[in-house]
Amino acid sequence: MTSAVDLLHHGDAETGPGLLDLAVNVRPGPPPQWLTAAVLSACARLDSYPDPRAATAAVAARHGRADGEVLVTAGAAEAFTLVAHGLPRGHAAVVHPQFTEPEAALRAAGWPITRIPLEPGQPLNADLVPDACTLVVVGNPTNPTGTLHPREVLTALRRPGRVLLVDEAFMDAVPGEPESLAGAADLTGVLVVRSLTKTWGLAGLRIGYLLGDPGAVAACARVQPRWSVSAPALSAAVACCAPDAVAQAADHARELTAAREKLRAQLTDRGFELVTDSVGPFLLTRHPARPGLHAELRGRGVAVRRADTFPGLGPGWIRISVRDDDTTALLLDALDDTRHVRPAGTVTLVGGGPGQNGRITVDGLIALQRADVVVTDHLAPRGLLDHLPPHVTVIDAAKHPRGPATPQETINRLLVEHAGAGRRVVRLKGGDPFVFGRGYEEIEACAAAGIAVDVCPGVSSAIAGPAVAGIPVTHRGSTQGFTVVSGHLPPDHPGSTVDWSALARGGTTLVVLMGVATLGAITAKLRASGLPGDTPAAVVADAGHHDQRQLRGTLDSIAADAEAAAIQPPAITVIGAVAALRPEPR
Ligand code: SAH
């Protein structure tokens, strides 16, 4: 039998910007925070080579197996390649339709292949497989049909001198994992492949594993390139095998099942053909009167997986990923041709912290990495913009103190326009978006246009600016609070609403932002209001940047010191006892 050219076609080739993605069977969105934390913790130790022992033990414990029965792999895809090269080359039987990577890997390694074609939903039977086959590959549940083969049918395929390879990449999406062989008492002659990338949305990380017959596992391990599974991926494997994570996956499987059955009912009502009793996070379907459904949906903004590239499936079949109710509603709109579907756009206000790149929160970084459009400020962590995916549009809305300014109305309009066009927009600011950041004005503008806004709070330069210069804004025994004020208007300006004489008597640390040009007027006013001239004061300019500068002085001296040093914005002035603190190692 000849190989179809499309064995290498997968759902990822079907998606694209502006399309609602129902083609890829990976849970969309960022992983849960505990999992992101596990991955990022490993990123802090990237100077060490990965050590798979902890992940191997975690996987073994999760399935009640010995460590020697487990091999952690860079996704299920690597597992198929290891099988193709690790087992002695014989003759392979591949039950179709199924995921095409195993056959592609076996062909690339020179295995002769016999395809065992099944109609969608047709039960498997050991008699269909020639006795001479030394390897039998079957998916359970099968992608894309959703067929779940009973364990007994699978174990009946075992023979001396044969390896049965069961691809269970979607088994964790089946509540209770009823027909899984992963926990079977006797795995002689069996290899099970599992994936952690679907349920946990880790397709970009590559993490999965092989388990089963220790001899076959060892044969695969011998051909695995050293260190092929990265430390962040291994860390994710440990996290995903914890009992809580397994329980969360089971909850997700139940939700998916309910959503899938709802979708099945909707498709049945519309005259679609479906595989009876199919399971998993997708539905294989076709409509007798709509052979061009794949292109039709694409034209209406919805990407589904064409399924005619799976050996054994004729034209017209498509595979639809099961998603939440809102997404399914959009799919149904597109199927009924009631409206052109466009994924909803969003705006996320991200506080990037002060400095070039290092002080953004994990949430902020995730939002930034998932953006289609980034509207950035002058003081935002611009170093991070160099690491965005290539399709991201970056719009510079800098408002330099004395340079070119983008009017706030223009910024508001940009946010509304891009989100309105279905894009994920990140508004990236320095520090925290609500500390002299005009963040709330942008929220109001978006709300008026019916656009949802999320906020990722940031580390404000009001606290972090002094901190990176070694100055704590509070210190027990010195001060019981701190007051952050804007110095952009001098104290005697009619528009100023700051009661500077009250601040002079307030007894808290004073943190002045936007007060470089007005520093002389501010310090004079504070002195005139009774704050002693020898009160410690400090200025920190370009905090967190490589050219960060700091000056220490007193209320009497600091304005002249700053002028003499030609301090330019952005800078922060700290006034109070803490401004004299200089930690010295004892
Ligand atoms: N939202 C920002 C503040 C915006 S107002 C935040 O929370 O940090 C701009 C002022 O913040 C600047 O004039 C300066 O006073 C201060 N600032 C911001 N980034 C700074 C930095 N890296 N170094 C020193 N001051 C900074």
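In this report, the structure presented in the accompanying data block is examined. (Residues numbered from 1 in each chain as written. Predicted model: local features only at pLDDT ≥ 70, side-chain atom pairs only at ≥ 80, totals over all residues. Heavy atoms only, no water.)

1. A look at the packing of helix 1 (residues 33-43) against helix 7 (residues 231-240)
- Between helix 1 and helix 7, the shortest axis-to-axis distance is 8 Å and the interhelical angle comes to 145°. As for the relative orientation of helix 1 and helix 7, their crossing is right-handed in sense. Contacts between helix 1 and helix 7 involve Trp34, Leu35, Ala38, Val39, Ala42 and Cys43 from the former and Ala231, Pro232, Ser235, Ala236, Ala239 and Cys240 from the latter.
- For the contact of helix 1 with helix 7, the per-class residue count stands at eleven nonpolar, one polar and no charged. (Axes fitted to C-alpha atoms, helices over the stretch in contact; angles between N-to-C directions. Helix = DSSP H or I, 4+ residues; strand = E, 2+ residues; numbered from the N terminus. Left-handed = near helix turned anticlockwise from the far one by under 90°. Contact = heavy atoms within 4.5 Å. Nonpolar A, V, L, I, M, F, W, Y, C, P; charged D, E, K, R; others polar.)

2. Comments concerning helix 4 (residues 101-108)
- Of all eight residues in helix 4, six are buried; the element is thus mostly enclosed.
- Taken residue by residue, helix 4 has Glu101, Pro102, Glu103, Ala104, Ala105 and Leu106 as its buried positions.
- Structurally, helix 4 contributes buried residues whose contacts are with helix 3 (75-86), strand 3 (92-96), strand 4 (113-117) and strand 5 (135-139).
- Of the residues flanking the end of helix 4, it is Gly110, one or two places downstream, whose phi is positive at about 90°. (Buried < 20%, exposed > 50% of the residue type's maximum accessible area, 1.4 Å probe, protein only.)

3. So, the pattern of salt bridges
- According to the stated counting rule, one finds 27 salt bridges in the structure shown.
- Across the pair Glu296 and Arg300 runs a salt bridge whose closest N-O atoms are separated by 3.5 Å.
- Here the residues in one salt-bridge network are Arg62, Glu168, Glu177 and Arg194, joined through shared partners. (Salt bridge = Lys/Arg side-chain N within 4 Å of Asp/Glu carboxyl O.)

4. Observations concerning unusual backbone geometry
- In this structure, the amide linkage connecting His96 to the following residue, Pro97, adopts the cis form with an omega of -5°.
- Turning to its location among the elements, Pro97 is positioned in the loop between strand 3 and helix 4.
- Here Asn143 and Pro144 are connected by a cis peptide whose omega angle stands at 15°.
- Among the secondary structure elements, Pro144 is positioned in the loop between strand 5 and helix 5 (151-155).
- For Arg206, which is not glycine, the phi torsion reads 65° and is therefore positive.
- The residue Arg206 is located in the loop between strand 7 (190-195) and strand 8 (208-212) in this model.
- When its relative accessible area of 32% is taken as the criterion, Arg206 is described as partly exposed.
- The backbone of Asp277 sits at a positive phi, close to 60°, despite the residue not being glycine.
- For Asp277, the location among the structural elements is in the loop between strand 9 (273-274) and strand 10 (282-286).
- Asp277 sits in the exposed class, given a relative accessible area of 66%.

5. A few points about the nonpolar core
- By size, the foremost hydrophobic cluster in this structure holds 46 residues, and its most contacted members are Val72, Leu154, Leu157, Leu164, Leu181, Trp200 and Ile207.
- The dominant element in this core, judged by the number of residues it contributes, is helix 7, at six residues.
- Among all residues touching Leu157, those that are not within four sequence positions of it are Leu124, Ala126, Val129, Val136, Arg162 and Leu164.
- Counting 26 residues, the second largest nonpolar core, distinct from the first, contains Leu82, Ala84, Ile113 and Val163. (Core = buried A, V, L, I, M, F, W, Y, C linked by side-chain atoms within 4.5 Å.)

6. Observations regarding the sheet that holds strand 11 (residues 302-306)
- As summarised here, the arrangement of the five strands in space is 1-11-12-10-9, forming an open sheet in which the pairing is mixed. Here the strands that pair on one side only, and so sit at the sheet edges, are strand 1 (20-22) and strand 9.
- Judged from the three bridges that link them, strand 1 and strand 11 form a sheet pairing that is parallel. Along strand 11, the bridge assignment pairs Leu22 with Val304.
- In the packing of helix 8 (residues 243-269) onto the sheet, the strands contacted are strand 9, strand 10 and strand 12 (318-321), and the crossing angle to strand 10 comes to about 10°. (Pairing = 2+ DSSP bridges.)

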